[in-house]
Amino acid sequence: KDLQALRFIPRLIDLNVASFKIEGRMKSTYYLATVVKCYREIIDLYQKQGYLTEENYMYFEKEIRKAENRLTSVGFYKGLPSIEEQLYDNRSEHPTKEYVGVVLSYDEESKIAVIEQRNYFEKGNTLEFFGPNLDNTLMVCPEFYDYNTKEELNIARHPLQKLTMKVDFPVKKDDMVRLVKNDE
């Protein structure tokens, strides 16, 4: 299973660990952006307030679950890993398909974003934008258009298709867009 050590960050900081390695080989940009953002924020939060609450941990664990495509464990942080900490086949790997796009550009005057689509979404879905300098921000997907033909679309179903849509808050190139599922 993938190592997920969020709950051990405070102890590692207290032990003067100076850096953390995020495993990135064979991982998507979306996965890496999500995990790096969570680890950065939890480190900063711990250094600012000197403690973390259960609510803090639950928030960041939920964020990481949005991007993981296989189960996680704490590995050796609680002693020798058991058989339950291992994956011996890939049947438990299930991409979430929540990652639906990446911002290519944004015009602050018109508030129009150009988004490169990654997974299926449709008008009326709740979308969550996030990035290194953007807190998770929700919006209901408005009408959107094919970038090239200017045709209005109701469904984005062609990965790498460029779309335009109005986004009422500033976003930056490489900010990411994910689909909010009904149970969140």
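Note that the structure is predicted; figures quoted are calculated from it, not measured.

Quick notes on the overall build of the chain
Summing up its helical and strand segments, the chain has three helices and 12 strands in all. Considering the chain as a whole, with its 184 residues, one finds that 39% of them fall into the buried category. In the chain, of all internal contacts separated by at least 6 residues, the share reaching a separation of at least 24 is 64%. Accessible surface, the chain: about 11,500 Å² in total, of which carbon and sulfur atoms supply 50%.

Brief notes about the confidence of the model for the chain
For the chain, mean pLDDT is 87; residues scoring 70 or higher make up 82% of the total. Considering each helix and strand of the chain separately, the mean pLDDT is smallest for strand E2 (residues 72-73), with a value of 67, and largest for strand E11 (residues 162-166), with 98.

Regarding the packing of aromatic side chains
Counted by the stated rule, this structure contains five aromatic pairs. For the pair tyrosine 30 and tyrosine 99, a centre-to-centre distance of 4.6 Å together with 5° between the ring planes defines the contact as stacked. Remark: tyrosine 99 occurs in strand E3 (residues 99-107) and tyrosine 30 occurs in helix H2 (residues 29-49); sequence separation between them is 69 residues. Classification of tyrosine 99 as buried rests on a relative accessible area of 11%. Where phenylalanine 121 meets phenylalanine 144, the ring centres are 5.3 Å apart and the plane angle is 40°; that geometry is what we call tilted.

Focus: the nonpolar core
In terms of nonpolar packing, the biggest core is built from 23 residues, with Leu6, Ile9, Tyr30, Tyr39, Ile42 and Ile64 touching the most fellow members. Going through the elements one at a time, helix H1 (9-14), H2, helix H3 (54-65) and E3 are the ones with two or more residues in this core. What tyrosine 30 contacts, discounting residues up to four positions off in sequence, is Lys66, Ala67, Glu98, Tyr99, Phe130, Met176 and Arg178. Within the second largest apolar cluster, 21 residues are counted, among which are Val103, Phe129, Met139 and Val177.

Digging into H3
For an α-helix the count is 3.6 residues per turn, leaving residues at separations of three or four pointing the same way. For H3, with 12 residues, the first-to-last C-alpha span of 16 Å sits near the 16 Å given by 1.5 Å per residue. The secondary structure elements touched by the buried residues of H3 are H1, H2, strand E6 (126-131), strand E7 (134-140) and strand E12 (176-179).

Some remarks on H2
Here H2 is 21 residues long and its end C-alpha atoms lie 30 Å apart, about the 30 Å a rise of 1.5 Å per residue gives. Looking at the residues trailing H2, positive phi occurs at glycine 50, about 80°.

Brief notes about the pairing of strand E4 (residues 112-117)
Most of E4 is tucked away, with five of its six residues classed as buried. Pairing geometry for E3 and E4, over six bridges, is antiparallel. Paired with valine 102 across the two strands is glutamate 116, which belongs to E4. Linkage of E3 to E4, two consecutive antiparallel strands, is achieved through a turn of four residues, within which lysine 111 is found at a positive phi near 65°.

Rules and cut-offs
- Position numbers for residues count from 1 along each chain, tracking the sequence in the order it is written.
- For this predicted model, a pLDDT threshold of at least 70 governs which residues receive local features, and a threshold of 80 or more governs which side-chain atom pairs are given and counted, while totals over whole chains, interfaces and linings are taken from all residues.
- Excluded from the side-chain calculation are hydrogens and water; included are all heavy atoms of the structure.
- Helical segments are the DSSP runs of H or I of at least four residues, strand segments are the runs of E of at least two, and each set is numbered from the N terminus.
- Type-normalised accessible area, obtained with a 1.4 Å probe on protein chains alone, sets the label of each residue: buried when under 20%, exposed when over 50%, and partly exposed for intermediate values.
- Pairs of residues are marked as contacts when any of their non-hydrogen atoms sit within 4.5 Å.
- Only the protein chains shown count as cover for residues, with accessible areas throughout obtained via the Shrake-Rupley method and a probe of 1.4 Å.
- Looking at any residue, its pLDDT shows the predictor's confidence there, from 0 to 100.
- The pairing test for Phe, Tyr and Trp rings, Trp by its six-membered ring, is centres within 6.5 Å, and the orientation test on the planes gives stacked under 30 degrees, edge-to-face over 60, and tilted for anything in between.
- Residues grouped as a nonpolar core are buried Ala, Val, Leu, Ile, Met, Phe, Trp, Tyr and Cys residues, joined through side-chain atoms within 4.5 Å.
- To estimate how far a helix should reach, multiply one less than its number of residues by 1.5 Å.
- Here the rule is simple: two strands pair whenever DSSP picks up at least two bridges between them.

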